[in-house]
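# Notes for the structure review
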Amino acid sequence: MAEPRNRYSTVSLVLHWLTAALVIAQIGLVWAHEANEDSGVRTFIDLHKSVGLTILLLTLARLGWRIANPAIPLPAETPRWQKLIARGTHVLFYVFLLAMPLVGWAASSAAGRDIVWFGLFEWPLLPIGGGRETAGSLMEMHEIAGKLLIALVVLHVLGALKHHFVDRDNILHRMIPLIPRRP
């Protein structure tokens, strides 16, 4: 079941846009937590953990789907340097979307903080010791990665808009089928 050549499959689109929406939700949950931190409300962080682990599972599914269904190549006229940047950006997305939830999970585990996935069941903690000090170091890494991920999202969106408005090609149509295909 290979990807059609003019746009991505429904599975690819759902996995992409669901992951994108959850990443944006993660940013909102962190901001909401920071705005309410003085009140001791942990609801936002508990939800952040559940969404993060969901992103981890979706990313694993996306990787499996991508291996079975290779990406549609960029147009032949795309300069090599742009192809390299596009490829690098996508690889970095997978790295961040796997590493960030794993590091967050490790931080919770090191601190001995339970993770209850959307209030449904306890997610198992990793066998990591080190207590608050280790958890703090892991959270620093998690926060830095979060800022880098935001920069990557901005780069990705700017690249898509450049293709649509400057290059006037069909790159954006491949991920947003509601945008009419150009001849």
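Now for a description of the structure that goes with this document. Predicted model only: the values in this text are computed from it and were never measured.

### Some thoughts on the nonpolar core
Among the nonpolar cores identified, the biggest contains 15 residues, and Ile 55, Phe 96 and Leu 149 are the most heavily contacted of them. Of all the secondary structure elements, the ones that give two or more residues to this core are helix 1 (10–35), helix 2 (43–68), helix 3 (80–111) and helix 4 (131–167). In this view, Phe 96 contacts Pro 101, Ala 145, Leu 148, Leu 149 and Leu 152; residues no more than four positions away in its chain are not counted.

### Some remarks on the packing of helix 1 against helix 2
Interaxial distance between helix 1 and helix 2 falls to 9 Å at its minimum, and their mutual angle equals 160°. Between helix 1 and helix 2, the interaxial angle falls into the category roughly antiparallel. The handedness of the crossing between helix 1 and helix 2 is left-handed. Counted by class, the contact of helix 1 with helix 2 contains 16 nonpolar, 8 polar and 2 charged residues.

### As for the side chain of Asn 170
With respect to the helices and strands, the residue Asn 170 is situated in the loop between helix 4 and helix 5 (171–175). Given a relative accessible area of 16%, Asn 170 falls into the buried group. Excluding residues that lie within four positions of it along the chain, Asn 170 makes contacts with Pro 180, Arg 181 and Arg 182.

### Some points on the pattern of salt bridges
Under the criterion given, the structure shown has 1 salt bridge. With its nearest N and O atoms 2.5 Å apart, the salt bridge here joins Asp 167 to Lys 162. Classification of Asp 167 by relative accessible area gives partly exposed; the value is 32%. Residue class for Lys 162 comes out partly exposed when judged on its relative accessible area of 28%.

### As for the packing of aromatic side chains
As enumerated under the stated definition, the model contains 4 aromatic pairs in all. With centroids separated by 5.7 Å and ring planes inclined at 75°, the aromatic side chains of Trp 105 and Trp 123 adopt a geometry described as edge-to-face. Here Trp 123 lies in strand 2 (residues 121–123) and Trp 105 lies in helix 3, a separation of 18 residues in the sequence. Accessibility expressed as a relative area gives 15% for Trp 105, which makes it buried. Pairing Trp 117 with Phe 121 gives two aromatic rings, centres 5.5 Å apart and planes at 35°, and the pair type is tilted. Following the ring pairs from residue to residue traces out a cluster consisting of Trp 105, Trp 117, Phe 118, Phe 121 and Trp 123.

So, how was this worked out
- Residues numbered from 1 in each chain as written.
- Predicted model: local features only at pLDDT ≥ 70, side-chain atom pairs only at ≥ 80, totals over all residues.
- Heavy atoms only, no water.
- Core = buried A, V, L, I, M, F, W, Y, C linked by side-chain atoms within 4.5 Å.
- Buried < 20%, exposed > 50% of the residue type's maximum accessible area, 1.4 Å probe, protein only.
- Helix = DSSP H or I, 4+ residues; strand = E, 2+ residues; numbered from the N terminus.
- Contact = heavy atoms within 4.5 Å.
- Axes fitted to C-alpha atoms, helices over the stretch in contact; angles between N-to-C directions.
- Parallel < 35°, antiparallel > 145°, perpendicular 65-115°, else oblique.
- Left-handed = near helix turned anticlockwise from the far one by under 90°.
- Nonpolar A, V, L, I, M, F, W, Y, C, P; charged D, E, K, R; others polar.
- Salt bridge = Lys/Arg side-chain N within 4 Å of Asp/Glu carboxyl O.
- Phe/Tyr/Trp six-rings, centres within 6.5 Å; stacked < 30°, edge-to-face > 60°.

Any functional reading would require information beyond the geometric quantities listed.
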